[in-house]
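# Structure assessment
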Amino acid sequence: MTSDTDWIAVYRPELPPAEAIAAYLRRCDAARFYSNRGPLVRELEARLAAAFGQPAEALRSAASGTAAIEAAILAHAGPATPERPLALVPGYTFAATALAAERCGYRVAFLDVDPDSWCLTPAAVAADPRLGDAGLVLPVAAYGRMPDIAGFAALQAETGVKVVVDAAAATEALMDTPGHVTAALPLALSFHATKTFSTGEGGAVVWADPEGQARVEQVSNFGFRLSRECKVAGLNAKMSEYHAAVGLAMLDGFALRRRAYAAVTTAWQAAATGLTGRLHLPPDLASIYVLWEAPSAAAMIRAEATLTEAGIETRRWYEAGLQAQPHFARETQPPLPVTADLGARLLGLPMSHDLPRRAIGRIAVALAAASPSGPPQAAVQT
Ligand SMILES: *Cc1c(COP(=O)(O)O)cnc(C)c1O
């Protein structure tokens, strides 16, 4: 039971218990196979691909979401070249997006996002004067919302500049809309513990291009292909059999897990009535996110203070945008007003598959107390 003074965490992961993983681990013991695309990794790849309506060839696992982005970049765009040194990246994202591009030799150029979708748009990229110097475009599925895949595929076909999608939080979106998976654009997923589907640490490249996926395999394994000779730029991006064991156990219980999230989402919907500002909920977002859109930056600061005081953890998941973070602010970037505004007004509220109804009630009361003068409205976005 939670009491009214218990700390409420912004997210509380729960991965399969040891007993559920043990049956799979015994298969590692028996096979004496621990990494390098062993039987458990292959089974996880096939089952996940099937969940996206794809053959097993369309999915290659990775050691992390960041490793999946790097492998997808190297396999699709290759490392940066002197002629095209830039990667075009949205400012409103998690640090891993831009770090992955840097690890592949690119200098990151930040673009602003669309105020409604919170994603980079093909039109913004097409209009950007830096496109001629870019060897990579890296749109992000913000909070699991897919960017305009068809539009980016058309942009890639027209300009020849390769597009890789950081779809880290979009595993559910791919399950619900398998049409996002194409032969044109590789999508990188994260299976980190704070994502809806998790292997602890892990990720995958989803791409319906068998030749492309053969390159993903190659760059993920030191650039080796059919020999132990390093033939292209690569890294060690391989998922271990142990992480695949966690993933297989997670998949076994995933339908149940999604129903649990749906029930908590329904409770959140009920609590949204009467709140100032706007609540963004799954399935519009990945199930791990509930975001409160504050009417102003000042209102968000007030809400953060009030919620912290009440023992409720909140998070600015993408901070103020990457362009504002010390490592990336070394280079002068154009102003990104939408990214800055979203960073100042989108607040991550607690969400978990087993978040109790009374915890949600406490959060709603604290939010209402933080905005006493605001007009009540029931603007639930689902
Ligand atoms: C989680 C996340 C990542 C990083 O994934 P890891 O598995 O932690 O490496 C990258 N980009 C976005 C948008 C994410 O949400």
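Residues numbered from 1 in each chain as written. Predicted model: local features only at pLDDT ≥ 70, side-chain atom pairs only at ≥ 80, totals over all residues. Heavy atoms only, no water.

Along the backbone of the protein there are 13 helices and twelve strands. For 382 residues, the compact-globule estimate of 2.2 N^0.38 gives 21 Å, and the protein sits close to it at 21 Å. Considered along the principal axes of its C-alpha atoms, the protein spans approximately 65 × 55 × 35 Å. Looking at the 382 residues of the protein, the share that counts as buried comes to 53%. Partitioning the contacts of the protein with sequence separation of at least 6, the portion at a separation of at least 24 is 71%. Accessible area for the protein stands at about 15,700 Å²; split by element, carbon and sulfur atoms hold 57% of it. Put simply, the protein has 32 plus and 37 minus side-chain charges, and the middle of one group is 4 Å from the middle of the other. (Helix = DSSP H or I, 4+ residues; strand = E, 2+ residues; numbered from the N terminus. Rg over C-alpha atoms; globule rule 2.2 N^0.38 Å. Buried < 20%, exposed > 50% of the residue type's maximum accessible area, 1.4 Å probe, protein only. Contact = heavy atoms within 4.5 Å. Areas by Shrake-Rupley, 256 points an atom, 1.4 Å probe, with all protein chains shown as cover. Lys, Arg positive; Asp, Glu negative; His and termini not counted. Charge placed at Lys NZ, Arg CZ, Asp CG, Glu CD.)

Here the largest pocket defines a volume of roughly 430 Å³. Around the largest pocket, the lining is made up of 23 residues, and of these F94, A96, A168, S190 and K195 lie nearest the centre. Secondary-structure elements contributing two or more residues to the lining of the largest pocket are helix 3 (65-76) and helix 4 (95-103). Broken down by element, the lining of the largest pocket gets its largest block of residues, three residues, from helix 3. Grouping the amino acids of the lining of the largest pocket by side-chain chemistry returns eleven nonpolar, eight polar and four charged. What the second largest pocket holds in volume is close to 320 Å³. What lines the second largest pocket is a set of 21 residues, among which D176, R258, P283, D284 and L285 lie closest to the centre. (1 Å grid on protein atoms, 1.4 Å probe; cavity = no way out; pocket = protein on both sides within 12 Å on 5 of 7 lines; lining within 4 Å. Points joined across faces, edges and corners; volume = space filled by probe spheres on them. Nonpolar A, V, L, I, M, F, W, Y, C, P; charged D, E, K, R; others polar.)

Here we take up the nonpolar core. For soluble globular proteins, the rule of thumb is that nonpolar side chains tend to be buried together. Counting 49 residues, the largest nonpolar core has V125, M146 and L187 as its most contacted members. In terms of residue count, helix 9 (residues 241-252) provides more of this core than any other element does, seven residues in total. Sequence-distant contacts of V125, defined by excluding residues within four places in its chain, comprise L88, L111, L120, L131, V137, F152 and L155. Judged by nonpolar contacts, the second largest core, of 47 residues, contains Y143, L279, A299 and L349. (Core = buried A, V, L, I, M, F, W, Y, C linked by side-chain atoms within 4.5 Å.)

Time to look at unusual backbone geometry. With an omega of 5 degrees, the peptide bond running from P282 to P283 counts as cis. Within the secondary structure, P283 sits in the loop between strand 9 (278-280) and strand 10 (290-293). Phi is positive for R37, which is not a glycine, with a value near 50 degrees. Its location among the elements puts R37 in the loop between helix 1 (18-31) and helix 2 (39-51). What makes R37 buried here is its relative accessible area of 16%. Unusually for a residue other than glycine, Y143 sits at a positive phi of about 55 degrees.

Bringing empty space enclosed by the protein into the picture now. The method is simple in principle: a probe with the dimensions of a water molecule rolls over the atoms, and the space it marks as empty is what remains. What the rule picks out here adds up to three cavities of 30 Å³ or more. Volume-wise, the largest cavity comes out at about 50 Å³. Forming the walls of the largest cavity are E102, V108, F110, F328, R330, E331 and Q333.

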